[in-house]
Amino acid sequence: MNYPDFFNEVEVIKVQDPLSAVLGAFAKGEYEFNYLDVVKSAGHSCPTVAGAYLITAEALKALYNDELAVRGNIKVEFKEQLEDGVAGVISNVVSQITGATDKSGFKGLAGKFARHSLMDFDASISSSARFTRVDTGKSVDVIYDPSSVMPSPNMQPLMQKMMGGAAEPAEIKEFGELWQDRVKRIFENTQSVVKVVPLT
């Protein structure tokens, strides 16, 4: 399996999942997600997928500090409706890492470990997303804006050639490399593209 080297350089997100511990999937319920995991699930790597990974990582750091984030103990709210823009792509990545879902998630065992109803859309927030610990009520707003990391000026003409069916194989390859270069630079500039605002 070949993929860009920087996928392996992105910081992993470590979690503790009580449900997986009870069901014997992972010792102590501890495991981790990396960027490659979410890329495989999404089927692609782009600024949106990278942003979803980054806002989740930064929010969990702020909520849990030096502790492992507890999967299934995190509520997530988005200002967009699920059908809007890339809200679905973002929510799928966030759901994969946090376990939070709207109505489709795990219903629980004997009243415990439920994952449904932990994700809301069309919320009255001004940020990209709000993450809240269910156990403590601690919340953070997260704002993602990658506009400071500009794409290569060569990308637009290459995309036009591809969409018109006129691109050569070498040009298609170049476009993909330039696309992933921007994603790489977004990760390299996390502090510029992601802002975390503690609420409670």
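See the structure above.
Residues numbered from 1 in each chain as written. Predicted model: local features only at pLDDT ≥ 70, side-chain atom pairs only at ≥ 80, totals over all residues. Heavy atoms only, no water.

Draft legend 1. Local environment of the packing of helix H2 (residues 35–42) against helix H4 (residues 87–98). Contact geometry of H2 with H4 gives a least axis separation of 10 Å together with a crossing angle of 130 degrees. The orientation of H2 relative to H4 falls into the category oblique. Along this stretch, H2 crosses H4, giving a crossing that reads as right-handed. Across the interface between the two elements, Asp37, Val38 and Ser41 from H2 touch Val93, Gln96 and Ile97 from H4. Looking at side-chain class alone, the contact of H2 with H4 contains three nonpolar, two polar and one charged residues. (Axes fitted to C-alpha atoms, helices over the stretch in contact; angles between N-to-C directions. Helix = DSSP H or I, 4+ residues; strand = E, 2+ residues; numbered from the N terminus. Parallel < 35°, antiparallel > 145°, perpendicular 65-115°, else oblique. Left-handed = near helix turned anticlockwise from the far one by under 90°. Contact = heavy atoms within 4.5 Å. Nonpolar A, V, L, I, M, F, W, Y, C, P; charged D, E, K, R; others polar.)

Draft legend 2. Examining the sheet that holds strand S5 (residues 119–120) more closely. Read from one edge to the other, the open sheet built from five strands follows the order S5-S4-S6-S7-S8, with strand pairing classed as mixed. Unpaired on one side and paired on the other, S5 and strand S8 (194–198) mark the two borders of the sheet. Two elements, strand S7 (residues 139–144) and S8, share five bridges in a ladder whose sense is antiparallel. Each bridged residue has a counterpart across the sheet, and for valine 142 the counterpart in S8 is valine 196. On top of the sheet, helix H3 (residues 47–64) reaches strand S4 (74–78), strand S6 (129–133), S7 and S8; it is set at about 150 degrees to S7, its chief contact. (Pairing = 2+ DSSP bridges.)

Draft legend 3. Local environment of the environment of arginine 71. Inspection of the secondary structure puts arginine 71 in the loop between strand S3 (69–70) and S4. Arginine 71 gets classed as buried once you look at its relative accessible area, which sits at 15%. Along the chain, arginine 71 and alanine 166 lie 95 residues apart, while their C-alpha atoms are 47 Å from each other. At 3.5 Å, the side chain of arginine 71 forms a polar contact with the side chain of tyrosine 31. Engagement of the side chain of arginine 71 in a polar contact is seen with the backbone oxygen of isoleucine 97, the distance being 3.1 Å. (Buried < 20%, exposed > 50% of the residue type's maximum accessible area, 1.4 Å probe, protein only. Polar contact = N/O pair within 3.5 Å; in protein donor to acceptor, adjacent residues only side chain to side chain.)

Draft legend 4. Summary view of the pairing of S7. Taken across its six residues, S7 has five buried, putting it largely inside the fold. For S6 and S7, the ladder comprises four bridges, and the chain directions are antiparallel. By the bridge assignment, alanine 129 is partnered in S7 with valine 142. Taking the residues that link successive antiparallel strands as the turn, the S6-S7 hairpin has five residues, and the phi of glycine 137 there is positive, at about 80 degrees.

Draft legend 5. Structural detail: the nonpolar core. Counting 45 residues, the largest nonpolar core has Tyr35, Tyr53, Val76, Ile97, Phe131 and Phe187 as its most contacted members. Sorting elements by how many residues they give to this core places H3 first, with 11 residues. When neighbours within four sequence positions are excluded, valine 76 is seen to be in contact with Val94, Thr98, Ala100, Leu118, Met119, Asp120, Arg130 and Phe131. (Core = buried A, V, L, I, M, F, W, Y, C linked by side-chain atoms within 4.5 Å.)

Draft legend 6. Main features of the packing of aromatic side chains. One pass over the full model with this rule turns up 11 aromatic pairs. A ring pair is formed by tyrosine 35 and tyrosine 53, whose centres lie 5.7 Å apart and whose planes are at 80 degrees; its orientation type is edge-to-face. With a gap of 18 residues between them, tyrosine 35 in helix H2 and tyrosine 53 in helix H3 connect regions that are remote in the sequence. Judged by centre distance (6.3 Å) and plane angle (75 degrees), the ring pair of tyrosine 53 and phenylalanine 187 falls under edge-to-face. Taken as a pair, tyrosine 53 in helix H3 and phenylalanine 187 in helix H6 (residues 169–188) lie far apart in primary sequence, 134 residues in all. With a relative accessible area of 13%, phenylalanine 187 lands in the buried category. Aromatic rings pair up to connect Tyr3, Phe6, Phe7, Tyr35, Tyr53 and Phe187 into one cluster. (Phe/Tyr/Trp six-rings, centres within 6.5 Å; stacked < 30°, edge-to-face > 60°.)

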